[in-house]
Amino acid sequence: MAIRKKSNKNPPVLSHEFVVQNHADIVSCMAMIFLLGLMFEITAKAAVIFVTLQYNVTIPATEEQSSETISLYHYGIKDLATIFFYMLVAIIIHAIIQEYVLDKINRKMHFSKTKHSKFNESGQLSAFYLFSCVWGTSILISENYISDPTSLWRDYPHTLIPFQMKFFYILQLAYWFHAFPELYFQKTKKEDIFRQIVYIGLYLFHIAGAYLLNLTHLGLVLLVLHYFVEFLFHISRLFYFSDERYQKGFSLWAVLFVLGRLLTLILSVLTFGFGLARAEDQQLNFSTGNFNILAVRISVLASICMAQAFMMWKFINFQLRRWREHSSSQPQTVKKKFVTAKGKTSRKERENGINGTVTSNGADSPRSRKDKSS
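These numbers were taken from a predicted model, which means no experiment stands behind them.

Each value, and the rule that gives it
Residues numbered from 1 in each chain as written. Predicted model: local features only at pLDDT ≥ 70, side-chain atom pairs only at ≥ 80, totals over all residues. Heavy atoms only, no water. Helix = DSSP H or I, 4+ residues; strand = E, 2+ residues; numbered from the N terminus. Buried < 20%, exposed > 50% of the residue type's maximum accessible area, 1.4 Å probe, protein only. Contact = heavy atoms within 4.5 Å. Areas by Shrake-Rupley, 256 points an atom, 1.4 Å probe, with all protein chains shown as cover. Patch = residues over 30% accessible without salt bridge, like charges linked within 9 Å, V, L, I, M, F, W, Y side chains within 5 Å. Salt bridge = Lys/Arg side-chain N within 4 Å of Asp/Glu carboxyl O. Lys, Arg positive; Asp, Glu negative; His and termini not counted. Charge placed at Lys NZ, Arg CZ, Asp CG, Glu CD. Polar contact = N/O pair within 3.5 Å; in protein donor to acceptor, adjacent residues only side chain to side chain. Core = buried A, V, L, I, M, F, W, Y, C linked by side-chain atoms within 4.5 Å. Arc of directions from axis to C-beta. Axes fitted to C-alpha atoms, helices over the stretch in contact; angles between N-to-C directions. Parallel < 35°, antiparallel > 145°, perpendicular 65-115°, else oblique. Left-handed = near helix turned anticlockwise from the far one by under 90°. Nonpolar A, V, L, I, M, F, W, Y, C, P; charged D, E, K, R; others polar. Phe/Tyr/Trp six-rings, centres within 6.5 Å; stacked < 30°, edge-to-face > 60°.

Some thoughts on the overall build of the protein
Thought 1: When its secondary structure is counted, the protein shows 12 helices and 2 strands.
Thought 2: Start at the N end of the protein and walk to the C end: the helices and strands fall as α-α-α-β-β-α-α-α-α-α-α-α-α-α.
Thought 3: By residue count, 37% of the 374 residues in the protein fall in the buried class.
Thought 4: For the protein, contacts bridging at least 24 residues in sequence account for 72% of all contacts bridging at least 6.
Thought 5: In the form shown here, the protein has an accessible surface area of approximately 23200 Å², with 65% of it arising from carbon and sulfur atoms.

Observations regarding a positive patch on the surface
Thought 1: Taken together, the side chains of K118, R195, K314, R321 and R324 make up a positively charged region of the molecular surface.
Thought 2: In terms of residue count, helix α10 (residues 294-343) provides more of the positive patch than any other element does, 3 residues in total.

Examining the environment of Y211
Thought 1: Position of Y211 relative to the elements: it lies in helix α7 (residues 190-212).
Thought 2: Residue Y211 is classed as buried on the basis of its relative accessible area, which comes to 5%.
Thought 3: When the C-alpha positions of Y211 and Y75 are compared, they lie 8.1 Å apart, and in sequence the two are 136 residues distant.
Thought 4: In terms of polar contacts, Y211 uses its side chain to reach the side chain of D79, at 2.8 Å.

Focus on the nonpolar core
Thought 1: Core analysis: the biggest nonpolar cluster contains 57 residues, and Y129, Y169, W176, I207, L220 and Y227 have the highest contact counts within it.
Thought 2: Mapped onto this core, the elements with two or more residues apiece are α2 (23-37), α4 (79-109), α5 (113-142), α6 (163-185), α7, α8 (216-242), α9 (248-275) and α10.
Thought 3: Residue contributions to this core peak at 12 residues, all from α6.
Thought 4: Among all residues touching Y227, those that are not within four sequence positions of it are F128, Y129, S132, C133, Q172, W176, Y203 and I207.
Thought 5: Formed by 9 residues, the second largest nonpolar core is a distinct cluster that contains V229, A254, F257 and F318.

Considerations on helix α3 (residues 41-51)
Thought 1: Inspection of α3 places A44, A47 and V51 among the buried residues, and these make up the whole buried set. Down the axis of α3, the buried set is contained in an arc of 80°. They therefore lie on one face. Facing away from the buried surface of α3 by more than 90 degrees, the exposed residues are I42 and K45.
Thought 2: Structurally, α3 contributes buried residues whose contacts are with α2 and α4.

As for unusual backbone geometry
Thought 1: Here the residue pair Y156 and P157 is connected by a cis peptide bond, since its omega of 5° sits within 30 degrees of zero.
Thought 2: Following the sequence through the fold, P157 ends up in the loop between α5 and α6.
Thought 3: Look at Y55: it is not a glycine, yet its phi comes out positive at around 65°.
Thought 4: Tracing the sequence through the fold places Y55 in the loop between α3 and β1 (56-59).
Thought 5: A positive phi angle, close to 60°, is found at N214, a residue other than glycine.

Observations concerning the side chain of E230
Thought 1: Relative to the helices and strands, E230 is located in helix α8.
Thought 2: Buried charge without a partner: E230 forms no salt bridge, and the closest opposite charge is R261, 5.4 Å away.
Thought 3: Look past the residues within four positions of E230 in its chain and what remains in contact with it is Y129, Y199, Y203 and F257.

Description of the packing of α4 against α6
Thought 1: Relative to each other, α4 and α6 sit at 55°, their axes nearing to 7 Å. Classified by the angle their axes make, α4 and α6 are oblique. Judged by the sense of rotation from one axis to the other, the crossing of α4 with α6 is right-handed. Contacts from D79, T82, I83, Y86, M87, A90, I91 and H94 in α4 reach K166, F167, I170, L171, L173, A174, Y175, F177, H178, P181, E182 and F185 in α6.
Thought 2: Here the residues of the contact of α4 with α6 sort into 14 nonpolar, 3 polar and 3 charged.

Considering a nonpolar patch on the surface
Thought 1: A surface patch of nonpolar side chains, about 680 Å² in accessible area, is lined by V255, L259, L262, L263, I266, V269, L270 and F274.
Thought 2: By the element assignment, I266 lies in helix α9.

So, the packing of aromatic side chains
Thought 1: This model, assessed by the stated rule, comprises 38 aromatic pairs.
Thought 2: Each ring, one from F119 and one from F241, has its centre 6.5 Å from the other, and the planes form 50°; the classification is tilted. A residue pair is termed long-range when its members are at least 10 positions apart, and F119 in helix α5 and F241 in helix α8 qualify at 122 residues.
Thought 3: With a relative accessible area of 7%, F241 lands in the buried category.
Thought 4: With centroids separated by 5.0 Å and ring planes inclined at 35°, the aromatic side chains of Y129 and Y227 adopt a geometry described as tilted.

Structure (structure tokens):
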């Protein structure tokens with residue numbers, strides 16, 4: 001993200017600079033149109049598709065399971081409209097955090113252009129990761145997924161999910177889709193665009209895959225685990241920008257990163273290699289949402305393993321780069337200390353002309369000047 005320079009001159013309407021400076025106001029007006037549509041009977045049916053969750057299924061109460069009716073949801077094509085609306089909301093919240101929090105801190109800290117861009121990135125992502133971790137953990141606890149790991153594959157396919165679970169996935173997809181227009185709004189450098197697109201694409205591919213293949217239970221656990229590790233990294237980088245002596249957060253993140261990758265692989269192998277592989281129904285059925293066949297299991301597990309290997313490769317390169325920078329800075333520090341110690345001479349040596357300061361022979365000598373004057 002490049003630094004957005006504010007000028008007193010008003011750019012032409014609908015120009016590139018006008019859209020970048022006022023994108024939050026433009027998107028707010030678009031979101032307001034959908035909300036106003038709920039107030040009129042003619043447009044309410046269309047506006048509801050964008051604002052509220054669709055495909056509600058009400059399960060009547062039974063004496064064995066529950067004394068109240070339960071509302072569950074499944075996915076469909078109308079979810080794209082809901083994702084689009086909440087993508088607009090994500091753009092608005094992004095602009096609010098940027099203007100009222102991050103920009104104020106940037107003005108106080110006087111960061112360089114490189115640090116300014118990384119600080120904005122870490123500030124936005126740390127807020128999102130913290131929100132997603134807290135919300136995802138509350139869902140895991142309320143649905144008893146932590147206390148019962150077999151729920152990750154038991155009763156598959158998980159076509160019907162509670163409101164909180166579906167809303168969580170809708171917002172996840174909306175947030176990562178909103179990152180594409182943000183590349184334009186934040187004036188991302190050309191050399192960083194490809195890296196950002198790959199980064200965003202990996203999130204969308206795996207989140208959408210878990211949502212469409214009815215692997216929402218496993219996807220939620222892996223997302224919370226991954227988001228917690230990423231939150232620790234970005235919050236450590238924020239502290240590092242404020243004080244470069246702060247390194248403890250990165251050390252803790254390095255340990256948890258490796259443990260997180262191992263735990264992700266263990267849960268994935270247990271789910272696809274043991275849980276779903278032993279299920280009775282292993283036939284592809286689009287109507288019931290059953291994708292539990294050998295080809296799908298191998299493809300999904302291979303995708304997860306490749307993603308973990310890619311992240312480990314990036315992690316190793318990051319650690320090697322930090323080690324090289326740290327090792328290269330140490331000899332310079334030692335050299336500076338040696339030169340400083342060597343440059344310090346005694347008063348007697350300076351008076352005797354040591355190190356070329358004053359010579360006792362020649363025209364600069366006080367005695368020579370006295371003899372010449374006499």
